[in-house]
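One-letter residues, chain by chain:
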Amino acid sequence: MPSEVAIPVSRSKVGFLAIASLAMAVAAAWMLLAAPGVGSNPFHQVVLGFGVFFFLLLAYGHLRTLTAKEPGLVINRQGFLFRPTGLAFGWVDWADVSEIREGLGRGGAFLSVRLNDPQAYIARGNGLQRLAKSINWRLSGSPVTFTSGSLQADPTELLKIIRLYFSEAKRAESGALSSSPPPM
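So, here is what we can say about the structure in this document.

Analysis parameters
Residues numbered from 1 in each chain as written. Predicted model: local features only at pLDDT ≥ 70, side-chain atom pairs only at ≥ 80, totals over all residues. Heavy atoms only, no water. Buried < 20%, exposed > 50% of the residue type's maximum accessible area, 1.4 Å probe, protein only. Helix = DSSP H or I, 4+ residues; strand = E, 2+ residues; numbered from the N terminus. Pairing = 2+ DSSP bridges. Contact = heavy atoms within 4.5 Å. Core = buried A, V, L, I, M, F, W, Y, C linked by side-chain atoms within 4.5 Å. Expected span 1.5 Å × (residues − 1). Polar contact = N/O pair within 3.5 Å; in protein donor to acceptor, adjacent residues only side chain to side chain. Salt bridge = Lys/Arg side-chain N within 4 Å of Asp/Glu carboxyl O.

Things to note about the pairing of strand β1 (residues 4–7)
Thinking step 1. Taking every second residue as pointing to the same face, the buried face of β1 carries Val5 and Ile7, while none of Glu4 and Ala6 on the other face is buried.
Thinking step 2. Pairing between β1 and strand β2 (residues 73–76): four bridges, direction antiparallel. Bridged to Ala6 within β2 is Val74.

Encoded structure:
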């Protein structure tokens, strides 16, 4: 087993998401400013204004991912780092992980990383990152969830790699405890 695995971002998938996000922002802006009758309703103005902001924020995150030189996912014996989104959760130590689960959502399969202390991970980052992790925690049971959708990796292979490193870390952790002499 290599000491580290680095999985690059899928530039074509992230590029498509950036273009789609920009298109949605332009569509919301057009409806807000030029569509007859739509932009005159105050409720529609708020919703469309939020839509413009939201989709521009998504596009910005995708464009940052496209221009980044770092790999999208780095996995090693100490833990992992997932970077393809602007709402990254930072470095995750295997010692903090209690379980890795597969889930199925609207966007396809995802991994939910169950943590011993989820609140410590929710508290990291800026307000938007904390909000997103809090929502993830409520919806999936963990603030650390991700898909292989923006990576150059087969979902099945990615799960195998993550579980291999996780089990190796847990084996090493339990081996260190069992190697001490029993108390007298």
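From this point, things continue past the structure.
Side note on the environment of Ser98
Thinking step 1. Looking at the secondary structure, you find Ser98 in strand β5 (residues 97–105).
Thinking step 2. By relative accessible area, Ser98 is classed as partly exposed at 43%.
Thinking step 3. Excluding anything up to four places from it in sequence, Ser98 contacts Arg114, Leu115, Asn116 and Phe166.

Observations concerning the nonpolar core
Thinking step 1. One finds Leu73, Phe80, Trp94, Phe146, Leu158 and Ile162 to be the most contacted residues of the largest nonpolar core, which totals 25 residues.
Thinking step 2. For this core, the secondary-structure elements that each account for two or more residues are β1, β2, β3 (79–82), β5, β6 (108–115), β7 (144–146) and α5 (155–178).
Thinking step 3. Among the elements that take part in this core, α5 stands out by supplying six residues, more than any other.

Some remarks on helix α4 (residues 127–140)
Thinking step 1. Here α4 is 14 residues long and its end C-alpha atoms lie 20 Å apart, about the 20 Å a rise of 1.5 Å per residue gives.
Thinking step 2. Its side-chain oxygen 3.1 Å from the backbone nitrogen of Leu128, Asn126 forms the N-cap of α4.
Thinking step 3. Phi turns positive, to about 90°, at Gly141, one or two residues after α4.

Topic: the pattern of salt bridges
Thinking step 1. If you walk through the whole model with that rule in mind, you get four salt bridges.
Thinking step 2. The closest approach of N and O atoms between Glu168 and Arg171, which form a salt bridge, is 2.8 Å. Separated by three residues within a single helix, Glu168 and Arg171 lie in helix α5, roughly one turn from each other.
Thinking step 3. You can call Glu168 partly exposed: its relative accessible area is 29%.
Thinking step 4. Since its relative accessible area comes to 49%, Arg171 is described here as partly exposed.
Thinking step 5. The residue Glu173 makes a salt bridge to Lys170 at a minimum N-O spacing of 3.8 Å. Here the residue Glu173 and the residue Lys170 both occupy positions in helix α5, the gap between them amounting to three residues, near one helical turn.

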